[in-house]
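As a plain string of letters, each chain reads:
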Amino acid sequence: MINRVVLVGRVTKDVEVRKTTSGLSVAQFTVACNRRQSANSPERQADFINCVAWRQTADFLSQYCKKGALVGVEGRIQTRNYDNAEGRRVYVTEVVCDSVQLLARPASSGMANTTNMSMNEHNSFVDDNAGLDDNGFDDFTSGVSLDISSDDLPF
């Protein structure tokens, strides 16, 4: 059985973190993902998908993710139900995030949109631009010319 979800969309409001009674951080947020546009529908449509992130991922989101941020989410679909205050059964379907990446920030945040940061359940905060110099070039290809003959290559 496979239960894998990959989403790219924009966060609909600022992410807030709550703590469980045992002290775990949990963040619930919604990602707006555009649908494919059909030929006979001139309006763009979006799906609003509920997501939940735990532990360090939740803390990462509360600190760096704001309304309008473009995010990449990887996780699994999970369903649950509970009885609300009126005694009615409520069914919830959500994506439990294994990994969340900030693909771009909204222009109003005053930060560059090229920042690519990520966080997942098993790793600490990762800045995917860490190996780049101030101009955004990789240290291994930043203008250094290598003189290697084709006879020296193993293939």
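Some remarks on the overall build of the protein chain
Broken down by element type, the protein chain carries one helix and eight strands. For the protein chain, the succession of helices and strands along the chain, N to C, is β-β-β-β-α-β-β-β-β. For the protein chain, the residues scored as buried account for 28% of the 155 residues in total. Counted over contacts in the protein chain with a minimum sequence separation of 6, partners at least 24 positions apart contribute 51%. For the protein chain, the exposed surface amounts to about 11100 Å²; the carbon and sulfur share of it is 49%.

Examining the packing of aromatic side chains
Enumeration according to the criterion identifies one aromatic pair in this entry. Relative to Tyr 64, the ring of Phe 60 has its centre 5.4 Å away and its plane inclined at 40°; by these criteria the two rings are tilted. Placement of both Phe 60 and Tyr 64 in helix H1 (residues 55–64) is noted, with a separation of four residues, approximately one turn of the helix. A residue is classified by how much of its surface remains accessible, and Phe 60, at 4% relative accessible area, is buried.

A few points about the nonpolar core
Counting 21 residues, the largest nonpolar core has Phe 29, Cys 51, Leu 61, Cys 65, Val 71 and Val 73 as its most contacted members. Sorting the residues of this core by element identifies strand E1 (5–11), strand E3 (25–34), strand E4 (46–54), H1, strand E5 (70–83) and strand E6 (89–104) as the ones contributing at least two each. Residues in contact with Val 71, not counting those within four places in the same chain, are Leu 7, Val 8, Gly 9, Val 11, Val 31, Cys 65, Val 100, Gln 101, Leu 102 and Leu 103.

Section: the pairing of E1
Here six bridges tie E1 to E5, and the two strands are oriented antiparallel to one another. The residue of E5 that forms the bridge with Val 8 is Gly 72. As paired strands, E1 and E3 are joined by two bridges and run antiparallel to one another. For Arg 10, the partnering residue across the bridge sits in E3 and is Ala 32.

Some thoughts on unusual backbone geometry
The backbone of Arg 55 shows a phi angle near 55°, a positive value even though the residue is not glycine. As for its position among the elements, Arg 55 is in helix H1. Taking relative accessible area as the criterion, Arg 55 reaches 40% and is therefore assigned partly exposed.

Digging into the pattern of salt bridges
What the rule picks out here adds up to six salt bridges. With its nearest N and O atoms 2.7 Å apart, the salt bridge here joins Asp 47 to Arg 35. In this pair, Asp 47 is assigned in strand E4 and Arg 35 in the loop between E3 and E4, connecting sequence segments twelve residues apart. Given the relative accessible area of 29%, Asp 47 is considered partly exposed. Shared partners join several salt bridges into a network, and the residues in it are Arg 4, Glu 74, Arg 76 and Asp 98.

As for the confidence of the model for the protein chain
Confidence in the prediction for the protein chain averages 79 pLDDT; 68% of positions are at 70 or higher. Throughout residues 110–115 the model reports pLDDT below 50, and contacts reaching past four residues in sequence, or to other chains, amount to twelve contacts. pLDDT under 50 marks residues 131–137. Its contacts with residues more than four places away, or in other chains, come to eight contacts.

Details of H1
For H1, every residue scored as buried is listed here: Thr 57, Ala 58, Phe 60 and Leu 61. Viewed along the axis of H1, the buried residues span an arc of 160°, placing them on a single side of the element.

Criteria and cut-off values
Residues numbered from 1 in each chain as written. Predicted model: local features only at pLDDT ≥ 70, side-chain atom pairs only at ≥ 80, totals over all residues. Heavy atoms only, no water. Helix = DSSP H or I, 4+ residues; strand = E, 2+ residues; numbered from the N terminus. Buried < 20%, exposed > 50% of the residue type's maximum accessible area, 1.4 Å probe, protein only. Contact = heavy atoms within 4.5 Å. Areas by Shrake-Rupley, 256 points an atom, 1.4 Å probe, with all protein chains shown as cover. Phe/Tyr/Trp six-rings, centres within 6.5 Å; stacked < 30°, edge-to-face > 60°. Core = buried A, V, L, I, M, F, W, Y, C linked by side-chain atoms within 4.5 Å. Pairing = 2+ DSSP bridges. Salt bridge = Lys/Arg side-chain N within 4 Å of Asp/Glu carboxyl O. pLDDT = per-residue confidence, 0-100. Arc of directions from axis to C-beta.

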